[in-house]
Structure formats: C-alpha cells, structure tokens
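Fold and geometry: a report
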Amino acid sequence: MLDRLDRLRAAFTWLRDALALGHTRRSFAQEGEDLILARIFGEQAKGIYVDVGAHHPRRFSNTHMLYRRGWRGVNIDATPGSMRLFRRQRPRDINLEVGVAATSDVRDFYVFNEPALNTFDAERAKSLDRAPYRIEAVRKVACQPLAEILRTHSLGRIDLLTIDAEGYDDEVLSTLDWETSRPRVVLTEQFSRDLSTLLGSTTATRMQTRGYRVIAKTFNSVFYVERE
C-alpha cells in the first residue's frame, strides 16, 4: 500500500513540475539546470544521482526536483553543519559532510557569509573576499576521493553526477571510478562564456576522451551526456 502511494505521489509531483503554469516552470536550481535535466531524463521516475557541493536540499539544488519525482542518491558537501537540513528534508538520500579531493587528507576550507561560495581554493577565496561577501572562517576539513566514498555505499552505476566544487570540479572528476560508476549525465561548473574556448578546455577534452559530449550550457554550468 505504501509503495503504491509513493508511486502515486511521484507521478503527481512529476506532472506538477512538468506542466507549465502560464509561461513559467518552477526551478530549484541556480540557473534552471534542473529544467534541462528534466528534459534529458524525460519521464524517468527512478534514478540515482551524486551531488558534490550539494549546498542545500532546495536552494540552488540541481537534484531536488529529481528527488521529488522519486529519485535518490548521495549529497556531499564540505561545509560544517550542511547536512543537518539534508537529513531532515532528504531522508531517502545518503548525506555526507566531507570534502572530495584526489587524496585522503585534511585541507583548509574557506567558509563565506554566502555558503554557495565556500571553497577549498585559496586563490578563489581571496578573489571573492569583498563586499558584500566575506570569509568568516577557515576550517580544517577531511577529504576523500569520490571513488572511495561511492564504493563505501555500493551505489554501482549512477544516472547523474553533478559537481559544484568552486574551482575544483576537474579534480573531483579525476577521482571517480569511471568503470564502476560511469554516470549517464555529468553536470559541471565551468566559467568560460565563449563556447569555442569551453569546447577546447581541459575538462571538455577529458570528457570527450571518456566518451561524453557537450549537449547544453547555462551561464556557469555545462552538461555532458554519454555517447550512445
């Protein structure tokens, strides 16, 4: 009975999110990334996502809309205390307060008055440390490679990997076990506005080598889809 109710709720949520209300559609993501993901995945009611730099269960979330459909996955954020809300609002998910890096070690993490800017990148932190934003603290945060984190939870292959690591997206990508996890769709933050520069970037070249192609871009985000 409960399983049937869950399916009905997921179907209702999908219809509510998919239908246009007037000329608008509801988005939880910063730049409408979740609306593009909804087009990519169509009516897929179940799936697995990994959200690195998840930030908040709703605000600027690329995965909240999918969660409402019935998906589940892993939310990862290095910000101290960030997982309290996730545990309350995303009980089906695995919610981890840890950094993702090439090696298992402890790094300085720069915490801002705007949590969306929090980063391990010292140079980026310094460049952002100006009004109205400011660094409030520098915390020591434990880090692990993404492959280790996902292996612990035995997820296997995933549908979506979304990364917002404030300058460390490429390092995060390098720590994935592409044989085991290999996501269908990868969403990264890349700041290049020029498409020709973007397509020639280190990240795009590596993704192409791995068998992916660019299919969409928002102001700061790039969508890679596995070639069929």
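Scroll up to find the structure.
Everything in this summary refers to the structure shown in the same document. Just so it is clear, the structure is predicted and the values come from calculations on it, not from any experiment.

1. Things to note about the sheet that holds strand β2 (residues 72-77)
Pairing within the open sheet is mixed, and its seven strands lie in the order β3-β2-β1-β7-β8-β10-β9. Each edge of the open sheet carries a strand with a single partner, namely β3 (94-97) and β9 (212-217). Looking at each pair of strands side by side, their axes are set apart by 15 degrees on average, direction ignored. Here strand β1 (residues 48-52) runs beside strand β7 (residues 160-163); their pairing, made up of four bridges, is parallel. Residue Tyr49 lies in a different strand from β7, and its bridge partner there is Leu160. Those strands touched by helix α9 (residues 202-209) are β8 (185-189), β9 and β10 (221-226), and its axis lies near 10 degrees from that of β10.

2. Brief notes about the sheet that holds strand β4 (residues 99-100)
Here we have three strands laid out as an open sheet, ordered β4-β6-β5, and mixed in their pairing. The sheet terminates laterally at β4 and β5 (105-112), the two strands that pair on one side only.

3. Here we look at the nonpolar core
Counting 27 residues, the largest nonpolar core has Val50, Val52, Ile76, Leu146, Leu161 and Val186 as the members making the most contacts within it. Taken together, the elements giving at least two residues each to this core come down to β1, β2, α6 (146-152), β7, α7 (169-174), α9 and β10. Residues in contact with Val186, not counting those within four places in the same chain, are Leu161, Leu173, Trp178, Met207, Tyr212, Val222, Phe223 and Tyr224. In terms of nonpolar packing, the next biggest core, distinct from the first, is built from 12 residues, Tyr49, Leu66, Leu160 and Leu187 among them.

4. A few points about the packing of aromatic side chains
Throughout the structure, instances matching the rule amount to four aromatic pairs. Taken together, a centroid distance of 4.7 Å and an interplanar angle of 55 degrees make the contact between Phe109 and Phe120 tilted. One end of the pair, Phe109, is in strand β5; the other, Phe120, is in the loop between β5 and α5 (122-128), with 11 residues separating them in the sequence. Given the relative accessible area of 13%, Phe120 is considered buried. Considering the side-chain rings of Trp178 and Tyr212, the 5.7 Å spacing of their centres and the 70 degrees angle between planes classify their relative orientation as edge-to-face. Residue Trp178 is located in the loop between α7 and β8, and its partner Tyr212 is located in strand β9; the two are separated by 34 residues in the primary sequence. Chaining the aromatic ring pairs together yields one cluster made of Phe109, Phe120 and Tyr168. Sitting over the ring of Tyr67, Arg92 keeps its end group 3.9 Å from the ring centre.

5. Quick look at helix α2 (residues 33-41)
Taken as a whole, α2 has its buried residues at Glu33, Asp34, Leu37, Ala38 and Phe41. Buried positions in α2, seen along its axis, are confined to an arc of 145 degrees and lie on one side of it. Contacts made by the buried residues of α2 are with α3 (64-69), β7, β8 and β10. Where α2 ends, the next residue or the one after it, Gly42, has phi of about 60 degrees, a positive value.

6. Thoughts on the side chain of Ser82
Relative to the helices and strands, Ser82 resides in the loop between β2 and α4 (83-89). Residue classification places Ser82 among the buried positions, given a relative accessible area of 10%.

7. A closer look at the pairing of strand β6 (residues 135-144)
Looking at chain direction, β4 and β6 are connected through two bridges and run parallel. Bridging from a neighbouring strand, Val100 pairs with Gln144 of β6.

8. Some remarks on unusual backbone geometry
In the segment running from Ala131 into Pro132, the intervening peptide bond is cis, with an omega of 10 degrees. Despite not being glycine, His55 shows a phi value in the positive range, around 70 degrees. By secondary structure assignment, the location of His55 is in the loop between β1 and α3. Look at His55 and you get buried, because its relative accessible area is 15%. One non-glycine residue, Phe60, lies in positive phi territory at about 55 degrees. Relative to the helices and strands, Phe60 resides in the loop between β1 and α3.

Quick notes on the rules
- Throughout this description, residue numbers start from 1 for each chain and increase along the sequence as written.
- Residue-level local features of this predicted model are given only where pLDDT is at least 70; pairs of side-chain atoms are given and counted only at 80 or more, and the full residue set underlies all totals for whole chains, interfaces and linings.
- Only hydrogens and water are set aside when side-chain values are computed; all heavy atoms of the structure are taken into account.
- In this scheme, strands are said to pair when DSSP sees at least two bridges between them.
- Numbered from the N terminus, helices here are DSSP runs of H or I no shorter than four residues, and strands are runs of E no shorter than two.
- Helix axes are fitted only over the stretch in contact, all axes being lines through C-alpha atoms; the angle between N-to-C directions runs from 0 to 180 degrees.
- By the convention used here, residues are in contact when the closest approach between their heavy atoms is within 4.5 Å.
- Joining through side-chain atoms within 4.5 Å is the link that ties buried Ala, Val, Leu, Ile, Met, Phe, Trp, Tyr and Cys residues into a set, and such a set is a nonpolar core.
- Relative accessible area decides the class of each residue, using a 1.4 Å probe on protein chains only: under 20% of the type maximum gives buried, over 50% gives exposed, and in between gives partly exposed.
- A pair of Phe, Tyr and Trp rings is counted when the ring centres sit within 6.5 Å of each other, with Trp represented by its six-membered ring. The angle between the planes then sorts it: under 30 degrees is stacked, over 60 is edge-to-face, the rest tilted.
- By definition, being over a ring means that NZ of Lys or CZ of Arg is both within 6 Å of the ring centre and within 35 degrees of the ring normal.
- Arc, as used here, means the arc of the directions from the helix axis to the C-beta atoms.

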